[in-house]
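Each chain, written out:
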Amino acid sequence: MTLTMDGRATTFATLYEQHYGAVHAYASRRVGADAADEIAAETFLIAWRRSDAVPDEPLPWLYGVARNVALRQYEATRRQTRAREAAQRERSAPAHFDAAADPAVWEAWDRLRPADREVLALVAWEELSVAEAARVLGCPAPQFSVRLFRARRRLERLLASSPEASSSESSDPTEA
Amino acid sequence: MHPDAITRLRAVNPAAVDPGLGREPVAQASLQRILDSPPVTAPPARRPLTSRGLVLVLAVLVLGVGGALAATDPMGWWSSNPSETHYRVNPDARVPTPVAQQIRCTAGGGGRFRCTPQQERCYQVGQRAPYCKLSGTGLPYQKIDAIPAPPSNSVFSRAGFTKAITKALAARRMTAAHAARFRADLARVPDGFFTELRLAGQYGTYGSGGETKNGRTQVPPVGQAATLVCTDAGRRLSCQDLNGDADAPVGAGVYSAVPGPGWRTVRTPRYIGGLPPGVQFTHAEEQVLIDLLRFGTTTSGSSSHGVQAKPVHIIHLKR
């Protein structure tokens, strides 16, 4: 497809092509692949309309926009579902997660609060630095560091209390 | 020895980044649609709640429709901002407004609340100042408004705007020069603008939460609705969280949570903007809205957060 465009549009198209995959993956991890196209499209529409506000390092900013878009869509959708389905959507991972890969991780993930999940996902899956992740959430980096520390500790405790952790500890004869 | 938690989480990343996805046909088609849409100079991220929303609110007042001061804010709707409540009115659903001024509520599951009207009882011992408290148990809420009907189609139309300008001129709420400027700007917008305005007019916002100062706001505990929309259900009220309600009936009671134990003080959240889906304002259309703000005059609109007068019965106690 050949696009006809001026300089501003050319710059935007470059931004779009460079970061669309990352934004789409971000959305996919949070709302599932089905809705990721829509979230990504609206994110970049906002970026186009606010092109003056896009910083030189655009990815954390784009993630922040995508986060707000996803939250809005999630709230709007949740009002229209029955309570049981809404509760299930809150607790369970998106359908395409491979729970068989490390079931203990997913079980612990399910038990984490949404705020903890968001903090951990930004570092583990989006692979952002503390400073970048803090920009996504709109909080100071030191505050994000504290939130990350606490979220990580909660995850570790949940993993340590999982049946898999208990059985491996008891079956390893080399550990004192 | 188990790898650390972050490493394990990384290993189960549910969606790998496809760096070439942006060049795929579907993504390119989406890009073309974005580039074809008119660019809109959006407000700065930290724009206060009243700014763009107030444009339309004042428009409503100038046009003589009335309504709660902060009721119309189509530039921001459902949001995770704990100090804002966004909803959409169902103009075809009308209910009587509950009479109860104060209610106490318990969660009924499924986002619904069971609420009962409560009386505020005041006690006075001797010459001391009376103290008042709400009877009953459950979370306290105070009525602040009823869901207003959105402006009628006849008002939010080219003819409606023109008529309102004439009316404002006659009432000397607008100068001749301002009216001429306004009419010229109106001539530059398409009829579709009024359609979008009518759509946007169905969305409303209430500021929720407690006192705001020094950049900090009081908000309810996590999980407690800041604002409820209620209808009569026999002796009780049937209520649900107004934030995110896409179907609020006209006339339903709007009840705001009363600050109490467990309320949190948070940094005043950044206002989350964005128009409802399908609504886009071009520069020329924004100019019409700015004209309303700049050239129109406000009547003394009633605040949607004012506490309504309520009868107080003081019970005198003997020392």
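A brief look at the structure comes next. All values derive from a computational prediction rather than experimental measurement.

1. Description of the side chain of asparagine 90 of chain B
Residue and element names in this part refer to chain B.
So, point 1. Position of asparagine 90 relative to the elements: it lies in strand 1 (residues 84-94).
So, point 2. In terms of polar contacts, asparagine 90 uses its side chain to reach the side chain of aspartate 247, at 3.0 Å.
So, point 3. Setting aside residues up to four positions removed in sequence, asparagine 90 forms contacts with Asp247, Ala248, Pro249 and Val250.

2. With respect to the environment of aspartate 247 of chain B
Residues and elements named next belong to chain B.
So, point 1. With respect to the helices and strands, the residue aspartate 247 is situated in strand 12 (residues 245-250).
So, point 2. Residue aspartate 247 is classed as partly exposed on the basis of its relative accessible area, which comes to 46%.
So, point 3. When the C-alpha atoms of aspartate 247 and arginine 88 are compared, they prove to be 5.9 Å apart, with 159 residues separating the residues in sequence.
So, point 4. Residue contacts for aspartate 247: discarding those within four places in its chain leaves Arg88 and Asn90.

3. Section: the state of the cysteines
Residues and elements named next belong to chain B.
So, point 1. Tallying each qualifying case throughout the model produces two disulfides over all chains.
So, point 2. Put simply, cysteine 105 and cysteine 115 are joined by a disulfide, and their sulfur atoms are 2.1 Å apart. Of note, the bridge from cysteine 105 to cysteine 115 carries an S-S torsion of about 115 degrees and is right-handed in sense. With cysteine 105 in strand 2 (residues 102-109) and cysteine 115 in strand 3 (residues 112-117), this residue pair connects regions lying ten residues apart in the sequence. The burial state of cysteine 105 is the same as that of cysteine 115; both residues are buried.
So, point 3. What pairs with cysteine 230 in a disulfide is cysteine 239, and their sulfur atoms sit 2.1 Å apart. Taking the sign of the torsion about the S-S bond as the criterion, the disulfide between cysteine 230 and cysteine 239, at about 115 degrees, is right-handed.

About the thresholds
Residues numbered from 1 in each chain as written. Chains lettered and ligands numbered in written order. Predicted model: local features only at pLDDT ≥ 70, side-chain atom pairs only at ≥ 80, totals over all residues. Heavy atoms only, no water. Helix = DSSP H or I, 4+ residues; strand = E, 2+ residues; numbered from the N terminus. Polar contact = N/O pair within 3.5 Å; in protein donor to acceptor, adjacent residues only side chain to side chain. Contact = heavy atoms within 4.5 Å. Buried < 20%, exposed > 50% of the residue type's maximum accessible area, 1.4 Å probe, protein only. Disulfide = S-S within 2.5 Å.

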